[in-house]
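Here are the chains, one letter per residue:
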Amino acid sequence: MGQPPVIYGQSSRPPRGDYARAGADYTCTQNYAAYTEAEHALYQRLYARQEALLPGRASQQFITMLAQLGARERIPRFADINAHLQAATGWQIVGVPGLIPEEPFFALLAQRKFPVTDWLRRPEEFDYIVEPDLFHDLFGHVPLLLHPVFADYVQRYGEGGLKAMRLGAGEMLARLYWYTIEFGLIREDGALRAYGAGILSSPGELEYSVSSPAPQRRPLELARTMRTRYQIDSYQRTYFVIDSFEQLFTLTAPDFTPLYAQLRGLPAFSADATDAA
Ligand code: HBI
Ligand code: FE
């Protein structure tokens, strides 16, 4: 199996990006001139392959918004994406050298700034990469930030994350992120579709997540989701399903403090636990 992703300062492996370029908030400026023609070509191939796999597997809302981004031929300038994004939902993307610690990550989301890794994978990583790279972040995460309700959910998630850190509930909130923003499924017109970035940017997991009989698919339910461990380097064993992005937003309206207190002493579920409770 692959190796766990490198989270800056939290892993034995050296961080993959050049964090010396990052500021105090871990953001860095996209050095657009540094991208080679080979990198633009690799990005275009990644995009074309993934785009062809979307129909019938990805959320139709995602497919519509991806097309609106218009970033399919070459690596886009973050400033160009931001002109569109800012006008649509007030979000912007900011460059980061890779995974950043949770606190600055949550702080950026709370300011409607989505961190996008500014380096692209190597050609030999065309089929699989452990860390999130520019393609994962841009193709997987950015299109749905054009969706007003989803965009509000992500900002509220960031605000909740900062509070969760203070309450020692960071791991529970990380699971919510994992099973919604990274690996969430949604039912659209009665059909199962992917909206999580980790699925949308993966050639194999797109089909697996909505068609394979192997994984469990459970309705998203805060207590269960926050107690379910996740796997970082293989297809998920459990997916959580929502009926709409409005449902996701409403679910996260209440203050989670009492929920954290209720869950704190309870054991976590393994990623493939089939317990009914
Ligand atoms: N950093 N750049 C980046 N992108 C992420 O998606 C990310 C991160 N740091 C932490 C993190 N995600 C997860 O642990 C969240 O649950 C906080
Ligand atoms: Fe991601």
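Look up a bit, the structure's there.
To keep things clear, this report deals only with the structure shown in the data block. (Residues numbered from 1 in each chain as written. Chains lettered and ligands numbered in written order. Predicted model: local features only at pLDDT ≥ 70, side-chain atom pairs only at ≥ 80, totals over all residues. Heavy atoms only, no water.)

Glancing now at the coordination of the iron ion (ligand 2). At 1.9 to 2.8 Å from the iron ion (ligand 2) lie its protein donor atoms, namely His136 (NE2), His141 (NE2), Glu182 (OE) and Glu182 (OE). Coordination geometry of the iron ion (ligand 2): the 4 donor atoms subtend angles of 51 to 136° at the metal centre, consistent with an arrangement described as irregular. Within one chain, the residues donating to the iron ion (ligand 2) are spaced in sequence as H-x4-H-x40-E. Taken as a pair, His141 in helix H5 (residues 134–141) and Glu182 in helix H7 (residues 170–182) lie far apart in primary sequence, 41 residues in all. (Donors = N, O, S within 2.8 Å, 3.2 Å for Na, K, Ca; no water. Tetrahedral: all angles 85-135°; square planar, octahedral: opposite > 155°, others 65-115°. Helix = DSSP H or I, 4+ residues; strand = E, 2+ residues; numbered from the N terminus.)

The full count for this structure, using the stated rule, is 16 salt bridges. The partner of Asp118 in a salt bridge is Arg21, with the nearest N and O atoms 3.1 Å apart. Residue Asp118 is found in the loop between strand E2 (113–117) and H5, and its partner Arg21 is found in the segment before helix H1 (37–53); the two are separated by 97 residues along the sequence. In this structure, Glu125 and Arg122 form a salt bridge, with 3.7 Å as the shortest nitrogen-oxygen distance. For Arg122, a relative accessible area of 43% puts it in the partly exposed group. Through salt bridges with shared partners, a single network forms among Arg16, Arg122, Glu124, Glu125 and Glu131. (Salt bridge = Lys/Arg side-chain N within 4 Å of Asp/Glu carboxyl O. Buried < 20%, exposed > 50% of the residue type's maximum accessible area, 1.4 Å probe, protein only.)

A separate point is the packing of helix H6 (residues 148–166) against H7. Between H6 and H7, the least distance of the axes is 9 Å, while the angle of their chain directions is 165°. Between H6 and H7, the angle falls in the class roughly antiparallel. In the crossing of H6 with H7, the sense of the turn from one axis to the other is left-handed. From H6, Phe150, Tyr153, Val154, Tyr157, Gly160, Gly161 and Ala164 reach across to H7, where they touch Gly170, Leu173, Ala174, Leu176, Tyr177, Thr180 and Ile181. Looking at the contact of H6 with H7, its residues break down into 10 nonpolar, 4 polar and no charged. (Axes fitted to C-alpha atoms, helices over the stretch in contact; angles between N-to-C directions. Parallel < 35°, antiparallel > 145°, perpendicular 65-115°, else oblique. Left-handed = near helix turned anticlockwise from the far one by under 90°. Contact = heavy atoms within 4.5 Å. Nonpolar A, V, L, I, M, F, W, Y, C, P; charged D, E, K, R; others polar.)

Here the focus is the pairing of strand E4 (residues 191–194). The two faces of E4 differ: Leu192 and Ala194 on one face are buried, but Ala191 and Arg193 on the other face are not. Note: strand E3 (residues 185–188) against E4, 4 bridges, orientation antiparallel. Residue pairing across strands places Arg187 opposite Leu192, the latter belonging to E4. (Pairing = 2+ DSSP bridges.)

Taking 1.5 Å per residue, 12 residues should reach 16 Å; helix H3 (residues 78–89) reaches 16 Å between its end C-alpha atoms and fits that length. All of the buried residues along H3 are Phe78, Ile81, Asn82, Leu85 and Thr89. An end-on view of H3 places all buried positions within 100° of arc, on one side of the element. Away from its buried face, by an angle of more than 90 degrees, H3 presents the exposed residues Ala79, Ala83 and Ala87. (Expected span 1.5 Å × (residues − 1). Arc of directions from axis to C-beta.)

With respect to topology, 4 strands assemble into an open sheet ordered E4-E3-E6-E5, the strand pairing being mixed. Edge positions in the sheet fall to E4 and strand E5 (216–219), since each of these pairs with one other strand and no more. Going across the sheet, the axis of each strand differs from the next one's by a mean of 40°, ignoring polarity. Where E3 and strand E6 (residues 238–242) come together, 2 bridges link them in parallel fashion.

In the structure shown here, the tally under the stated rule is 22 aromatic pairs. Centre to centre, the rings of Trp178 and Phe183 are 4.9 Å apart; their planes meet at 35°, and the pair counts as tilted. Classification of Phe183 as buried rests on a relative accessible area of 8%. For the ring pair Phe256 and Tyr260, a centre distance of 6.0 Å and an interplane angle of 85° mean the geometry is edge-to-face. When the ring centre of Phe126 is taken as origin, the NZ or CZ atom of Arg45, which lies over that ring, is 4.3 Å away. Lying over the aromatic face of Phe269, Arg224 brings its terminal NZ or CZ to 3.7 Å of the ring centre. (Phe/Tyr/Trp six-rings, centres within 6.5 Å; stacked < 30°, edge-to-face > 60°. Lys NZ or Arg CZ within 6 Å of the ring centre and 35° of its normal.)

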